[in-house]
2 protein chains.
Amino acid sequence: MALSVDLIGYVAAGLTTASFFPQALKTLRTGDTRAISLGMYTLFTSGVALWFVYGYCVGDGPVMAANLITLLPAAVVLQRKLTQAR
Amino acid sequence: MALSVDLIGYVAAGLTTASFFPQALKTLRTGDTRAISLGMYTLFTSGVALWFVYGYCVGDGPVMAANLITLLPAAVVLQRKLTQAR
């Protein structure tokens, strides 16, 4: 039981962590950020960076790792959106 | 020290949880989902739903609450994207 519950958590973490990569790839490929919310990526990228700081402070490796991985595609989308918003 | 580290965690959680609302509002307002990745919202919405199931299984209220809140705007964006993808 505990093992299968752990598995649900790991699959959930994998899905939410992986999800930003298709968006970053699509944004890099098309260069189109019109429908992308600047507010979302500002809040989300800041939040993920803070999660990493939190993980560092409490010494939680998985929290640091998951958020460092997510930070990359989120920052790519934010950077493209900021470039186009000018 | 522990209090300020907790505060970092709560602010991080608030930012990442809140971030999907500006995107859902923008998507509902403009109806434009062209730059939105279907892959991202499929993976992310499934992941958030699984996080809720995980929180339920381990009896973690904050995990359930945060993911239930995020599920709403994520599902709205996914639904609009699916409608437009047809």
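One can find the structure itself at the top, above this paragraph.
All of these numbers come straight from a predicted model, not from anything done at the bench.

A. Molecular detail of the overall build of chain A. Within chain A, the secondary structure is distributed over four helices and zero strands. For chain A, the sequential pattern of α-helices and β-strands runs α-α-α-α. Projected onto its principal axes, the C-alpha positions of chain A cover 50 × 25 × 15 Å. Taken as a whole, chain A presents about 4,500 Å² of accessible surface, with 70% of it coming from carbon and sulfur.

B. Seen up close, the environment of A:Gln79. All names here are of chain A. You can see glutamine 79 is positioned in helix H4 (residues 61-85). With relative accessibility at 42%, the residue glutamine 79 sits in the partly exposed group. The sequence separation of glutamine 79 and leucine 38 amounts to 41 residues, and the corresponding C-alpha distance is 9.8 Å.

C. The relation of the copies chain B and chain A, seen in detail. Once chain B has been moved 0.0 Å along the axis and rotated by 180°, it coincides with chain A to within an RMSD of 0.0 Å. Taken together, the rotation angle and the small translation identify this as a two-fold axis. Residues of chain B ranked by C-alpha distance from the rotation axis are headed by B:Ala35, positioned 2.7 Å from it. Of the residues that chain B buries at the interface, 100% are likewise interface residues in chain A, meaning the two copies contact each other through the same surface.

D. Seen up close, the nonpolar core. Of all hydrophobic cores here, the largest spans 22 residues; its most connected members are A:Phe20, A:Met40, A:Tyr41, B:Phe20, B:Met40 and B:Tyr41. Looking at this core, the elements that each hand over two or more residues are helix H2 (20-30), helix H3 (38-58) and H4 of chain A together with helix H2 (20-30), helix H3 (38-58) and helix H4 (61-85) of chain B. What A:Phe20 contacts, discounting residues up to four positions off in sequence, is A:Met40, A:Tyr41, A:Phe44, A:Thr70, A:Pro73, B:Phe20, B:Met40 and B:Phe44.

E. Region of the structure containing the side chain of B:Gln23. Of note, B:Gln23 is situated in helix H2. Every residue in contact with B:Gln23, bar those within four places of it in the chain, is listed here: A:Ala35, A:Ile36, A:Ser37, A:Met40, A:Tyr41, B:Ile36, B:Tyr41 and B:Val77.

F. The arrangement of the layout of surface pockets in detail. Approximately 1,300 Å³ is the volume attributed to the largest pocket. Contributing elements (two or more residues each) for the lining of the largest pocket: helix H1 (2-18), H3 and H4 of chain A together with helix H1 (2-18), H3 and H4 of chain B. Residues of the lining of the largest pocket, tallied by class, amount to 20 nonpolar, ten polar and four charged.

G. The arrangement of H1(B) in detail. Between its first and last C-alpha atoms H1(B) spans 24 Å; for 17 residues at 1.5 Å apiece the expected length is 24 Å, and the two agree. Along H1(B), the residues classified as buried are B:Val5, B:Gly9, B:Ala12, B:Thr16 and B:Thr17. Burial along H1(B) is one-sided: seen end-on, the buried residues are contained in an arc of 125°. Turned more than 90 degrees away from the buried face of H1(B), the exposed residues are B:Leu3, B:Leu7 and B:Tyr10. In this fold, the buried residues of H1(B) make contact with H3 of chain A together with H2 and H4 of chain B.

Reading the values: rules and limits
Note on numbering: residues in each chain are counted from 1, in written sequence order. Going through the entries in the order they are written, you letter the chains from A and number the ligands from 1. For this predicted model, a pLDDT threshold of at least 70 governs which residues receive local features, and a threshold of 80 or more governs which side-chain atom pairs are given and counted, while totals over whole chains, interfaces and linings are taken from all residues. To obtain the side-chain values, all non-hydrogen atoms of the structure were used and water was disregarded. Under the scheme used here, helices are H or I runs from DSSP no shorter than 4 residues and strands are E runs no shorter than 2 residues, and both carry numbers assigned from the N terminus. Computed by Shrake-Rupley with a 1.4 Å probe, the accessible areas treat only the displayed protein chains as cover when residues are assessed. The buried label applies to any residue whose accessible area, calculated with a 1.4 Å probe on protein chains only, is under 20% of its type's maximum; exposed applies above 50%, and partly exposed to all values in between. Only residues with pLDDT of at least 70 in both copies contribute their C-alpha atoms to the least-squares superposition of the copies. In what follows, residue pairs with any heavy atoms lying within 4.5 Å of each other are defined as contacts. Only buried residues count toward a nonpolar core, which is a set of Ala, Val, Leu, Ile, Met, Phe, Trp, Tyr and Cys residues joined through side-chain atoms within 4.5 Å. A 1.4 Å probe that fits but cannot get out identifies a cavity on a 1 Å grid over protein atoms alone, an open set with protein on both sides within 12 Å along at least five of seven lines counts as a pocket, and a residue lines either if it has an atom within 4 Å of a point. Grid points are joined across faces, edges and corners, and a volume is the space filled by probe spheres set on the points. Amino acids are sorted into nonpolar (Ala, Val, Leu, Ile, Met, Phe, Trp, Tyr, Cys and Pro), charged (Asp, Glu, Lys and Arg) and polar (every other residue, Gly among them). In this analysis, the expected span of each helix is defined as 1.5 Å times one less than the number of residues it contains. Taken from the helix axis, the directions to the C-beta atoms give the arc we talk about.

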